[in-house]
Every structure is written in structure tokens, then in C-alpha cells.
Amino acid sequence: MMDHTLAGIVGTRVLTGAGLQAGAVAFSRGRITAAGTGPMLDAGNLLVLPGIVDLHGDAFERSVMPRPGVAFPYEGALHDVDRQLLAHGITTGFHGVTLSWEGGLRGAPYAQRMFDVLACMHAELGAHHYVHLRFETHNIDDVALAQEWIRGGLVRFMAFNDHLPSMVKRLGDDRKLLQYAERAECDLDTFQARIRQAMQASDKVAGATRELAATARGAGLRIASHDDPDCVTRRYYHAMDCRVAEFPLTRQAAQAARDLGDAIVFGGPNVVRGRSHTNAPDATEMIRAGLCDILASDYYYAAPLAAAMRLVRDGVLPLEEAWNLVSRNPARAAGLDDYGVLAEGMAADLIVVDDSNPALPRVCAAVVGGVLRYASRELPVLARAA
């Protein structure tokens, strides 16, 4: 079914900018057009939806390092990840590549491998793959390297992270820290020394953060802060033009983001599971309160599709609004204004979903740039113009 001559899709349930309706989506040269001529995929009564734009996903780390300290080549890992993305309806994935003082999987060499392999495999991958650089604020030694990557056009989105306080709290818990040490590819004593060294950089963090934010702004990047614990922190990052609040840790921080007009991200797994795995706010309750704009896969690629459908199934949101959380809104937050809506002139990225079992929606086909990149079942092809 990988037919590069496909001119569009027809169906009785197509989610367009005007809502869910019967119709056709034609495409040419990777864009949606007003009309098309040629073979049209017939989706019948299946849902035809804009492709999912996943603003924050780091599940690729499990393909690169499926067990702590056990690494696999990036070429095979990214091929595996590409298949996962498409099978779960993600046509645009922002990989959360961390540049941290930790080292190992979240250090500079692994990040560089991601950039190198993405460049080499670009033509072989079905989904759009972008890098969301997660910069650990106490990693001041790598500010210049991050700036080099940003100026070189390797990064499409950036977030400031500060996981040091949680690591400091674990000093003395050797069993837990050993897991992080294995991920960092060092022994426990070395990892503890890295924590203490990062702590010594605290007085330089503010200046380094401002410098890096200025570089990102100059490159036209959208910027986020991660795990804001309170209103003061959100306002601090907002002042540096960090207009996205990723996974705020309190309702107050989320409300501050809303008051400032910033986009708010929560995890799709939070909605699917009915709660956060870290005792953060319940994402569904945040959605009900109008304090969530975007749902990301976070650590589980199946989550955005499942979360959006659960919101519909549970009567929290109508389909159009639920789908905006995983497609249109994250695209806009990332600066991809021509993604996330099935309308003329927009990117021809869309998926076909079987929702006959609402609790287990299944992706039947994924089209990226007007090309059928994934199909899990045979769909009829109509030889007619749209």
C-alpha cells in the first residue's frame, strides 16, 4: 500500500478545520490542495485526522539503551522509533534529547550521535523527526556546545530543565542513584561526584541560562521551561521568552502560565493512567479547568492517541478540541504553523484511525507529506478526482 502516486483520501468522518464531516483531502507536493486528480484512498467510516505532533518524547532512549548501560547503535534505534511513531499516529516527533551534567545517555556524545544519524537517515524515515533540546541548567560547561547546535540549525525546540534538586535529595540512596549512574555509564562514586560538581555551578546558572535563551531566540526557536514548581519560576522563565510551560508541578504554576498567555503541556500518559506517576497535577483535571493546551507522549508513544480518545470517550472534550491537544496546539507552540489542520495549504500529514473499540483506537494508515508511510490494513483505492 506504499503508493507514492496517491492523490488524497476520502471518508465519511474527516476532521477538518470546519469539524467532523464527510469529504476528501487532496494533496500535491506534500501540501493539502483544494482538489486533486488521481487515486484516492477510501477510509470509509474510519476517522481521518491530522497527524499527531508530539512536542516532547524521550521514549527513544529505551531504543538506544533498553537496559541501563546497554547501548545500541542509533541507526537501528531510530528506525525502530520511526516505526513506533507512525504506528501510533505520530507524524511529527520532537525527540527530547538531553544535554546534562550527568553524561552517558544524556551527555554530549549521545546527543551528537542523534544529530549525525538523523541527518544520514533523513530520507529513510517516514515521520518528521526533530530535536527538542533539553538543557540541564547546571550544565554550564556545555552552554557553548548547545549554542553551536542551535546556530547550526540542528535544534527545533528547546527547554530548560533542572533535575539537580531531585538528584541531590537522592544522595545517600545508593540503590536509586545506581540506576542513574548506569544510565550515565559511570560508577556510583563518579556519579555522586558529578552531582556535587553540578551543585558548585549554582551561582553561574542564571547568567548561562539567559545567554542560552538569547541564542535560542536569535535562532527563532520557541523555548519552554520544564517542571515549574511555582508561580515565581514560571514568571522568571516567561521573562526570558520561555512561552511554554512543560509539566508544571502545581496547579498554581499552571495558572500562572495561563495568566501570562503561555502554552501549557501535560503528559498523555497522565490522562491514560488517570494520574501522574510523579504526583504532579492530574492532567484530566487540568484540562477540565482550562489549564492544559498540549498533551505529549513524554515517555510512551502510544499515549497521545489513547489520551485524546479517552477524553472524548469520557465526555471531557468533543473530538475537535481533544484532537487540538495532540496536533494543532503543539504544532503552533513549536512554530510549525502549517501543521496540525486538514486545510488547504497545510502540510499533508494525516492518519486513519479505527475507533470501533473506543478504548483501543488503532492507526490503520499514516500519510506524511502526502505519501503513505504506514498501513496496518488494506484500504480500497478509488480511481477518481477529489
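Residues numbered from 1 in each chain as written. Predicted model: local features only at pLDDT ≥ 70, side-chain atom pairs only at ≥ 80, totals over all residues. Heavy atoms only, no water.

**A short note on the environment of Val-326**
With respect to the helices and strands, Val-326 occurs in the loop between α14 (319-324) and α15 (328-333). Overall, the relative accessible area of 0% leaves Val-326 in the buried class. Remark: the alpha-carbon pair of Val-326 and Arg-222, spanning 104 residues in sequence, is separated by 17 Å. Sequence-distant contacts of Val-326, that is, excluding residues within four places in its chain, are made with Ile-52, Val-53, Leu-295, Pro-304 and Ala-308. (Helix = DSSP H or I, 4+ residues; strand = E, 2+ residues; numbered from the N terminus. Buried < 20%, exposed > 50% of the residue type's maximum accessible area, 1.4 Å probe, protein only. Contact = heavy atoms within 4.5 Å.)

**Quick look at the pairing of strand β7 (residues 90-99)**
Within β7, 10 of the 10 residues are buried, which leaves it mostly tucked inside the rest of the structure. Judged from the eight bridges that link them, β7 and strand β8 (residues 128-136) form a sheet pairing that is parallel. What sits directly across from Thr-92, in β8, is His-128. For the handedness criterion, the β-α-β arrangement of β7, helix α3 (residues 108-121) and β8 is classed as right-handed. (Pairing = 2+ DSSP bridges. Right-handed = clockwise from strand over helix to strand, strands pointing away.)

**Points about the sheet that holds β7**
Reading across from one edge, β6-β7-β8-β9-β10-β11-β12-β13 is the order of the eight strands in this open sheet, with parallel pairing throughout. Two strands bound the open sheet, and with one partner strand each, they are β6 (52-57) and β13 (294-296). When the angles between neighbouring strand axes are averaged without regard to direction, this sheet yields 25°. Across three bridges, the pairing between strand β12 (residues 263-267) and β13 is parallel. By the bridge assignment, Phe-266 is partnered in β13 with Leu-295. Across the sheet, helix α9 (residues 231-238) lies against β9 (157-161), β10 (223-226) and β11 (242-246), angled at about 145° from β11, the strand it touches most. (Axes fitted to C-alpha atoms, helices over the stretch in contact; angles between N-to-C directions.)

**So, the environment of Phe-191**
Take Phe-191: it is sitting in helix α7 (residues 188-199). A sequence separation of 88 residues divides Phe-191 from Gly-103, and the C-alpha atoms of the two residues are 9.0 Å apart. Residues in contact with Phe-191, not counting those within four places in the same chain, are Trp-101, Glu-102, Met-167, Leu-177, Tyr-180, Ala-181, Ala-184 and Cys-186.

**Describing the pairing of β10**
What you see with β10 is no split at all: Ile-223 and Ser-225 on one side and Ala-224 and His-226 on the other are buried throughout. Where β9 meets β10, three bridges bridge the pair, whose relative direction is parallel. Directly across from Phe-160, in β10, lies its bridge partner Ser-225. With four bridges connecting them, β10 and β11 associate as parallel partners. From the neighbouring strand, Ile-223 faces β11, where its bridge partner is Cys-242. Taken together, β10, α9 and β11 form a β-α-β motif whose crossover is right-handed.

**Brief notes about the nonpolar core**
Leu-49, Met-158, Phe-160, Ile-287, Leu-295, Leu-311 and Trp-323 are the most contacted members of the largest nonpolar core, which totals 78 residues. By residue number, the principal contributor to this core is α3, which donates eight residues. Not counting residues within four places of it along the chain, the set of residues in contact with Trp-323 comprises Leu-15, Leu-49, Pro-50, Ile-52, Leu-305, Ala-308, Met-309, Arg-328 and Ile-351. With 21 residues, the next largest nonpolar core counts Leu-46, Val-341, Val-352 and Leu-372 among its residues. (Core = buried A, V, L, I, M, F, W, Y, C linked by side-chain atoms within 4.5 Å.)

**A short note on α3**
Over its 14 residues, α3 extends 20 Å from the first C-alpha to the last, a length consistent with the 20 Å expected when each residue adds 1.5 Å. Residues of α3 that are buried: Ala-108, Tyr-110, Ala-111, Met-114, Phe-115, Val-117, Leu-118 and Met-121. Check the buried side of α3 and you find it contacts α1 (60-64), α2 (74-87), β7, β8 and α4 (143-151). (Expected span 1.5 Å × (residues − 1).)

**Re the side chain of Asp-298**
Inspection of the secondary structure assignment puts Asp-298 in the loop between β13 and α13 (303-313). Residue contacts for Asp-298: discarding those within four places in its chain leaves His-56, Gly-57, Asp-58, Ala-59, Phe-247, Pro-269 and His-277.

**Re the packing of α4 against helix α8 (residues 202-218)**
It is at 10 Å that the axes of α4 and α8 come closest, and there the two elements cross at 10°. In this view, α4 runs roughly parallel relative to α8, as classed from their interaxial angle. Residues Val-143, Ala-146, Gln-147, Ile-150 and Arg-151 of α4 touch α8, and the partners they reach there are Ala-208, Glu-211, Leu-212, Thr-215 and Ala-216. Grouping the amino acids of the contact of α4 with α8 by side-chain chemistry returns six nonpolar, two polar and two charged. (Parallel < 35°, antiparallel > 145°, perpendicular 65-115°, else oblique. Nonpolar A, V, L, I, M, F, W, Y, C, P; charged D, E, K, R; others polar.)

**Concerning the packing of aromatic side chains**
Under the defined criterion, the tally for this structure stands at seven aromatic pairs. On the basis of an interplanar angle of 80° and a centroid distance of 5.1 Å, the ring pair of Tyr-236 and Tyr-237 is categorised as edge-to-face. Accessibility expressed as a relative area gives 10% for Tyr-237, which makes it buried. Through a chain of ring-to-ring contacts, three or more aromatic side chains come together here, namely Phe-94, Tyr-130 and Phe-157. The cationic tip of Arg-113 hangs over the ring face of Tyr-110; the distance from NZ or CZ to the ring centre is 4.2 Å. It is Arg-156 that lies over the ring of Tyr-130; its NZ or CZ is 4.4 Å from the centre. (Phe/Tyr/Trp six-rings, centres within 6.5 Å; stacked < 30°, edge-to-face > 60°. Lys NZ or Arg CZ within 6 Å of the ring centre and 35° of its normal.)

**Some details on unusual backbone geometry**
If you check the backbone angles, Asp-227 has positive phi at about 60° while not being a glycine. The phi dihedral of Asp-241 falls on the positive side, at around 70°, and the residue is not glycine. Here Asp-241 lies in the loop between α9 and β11. Judged by relative accessible area, Asp-241 falls into the partly exposed class, the value being 37%.

The values reported here are purely geometric and, on their own, carry no functional implication.
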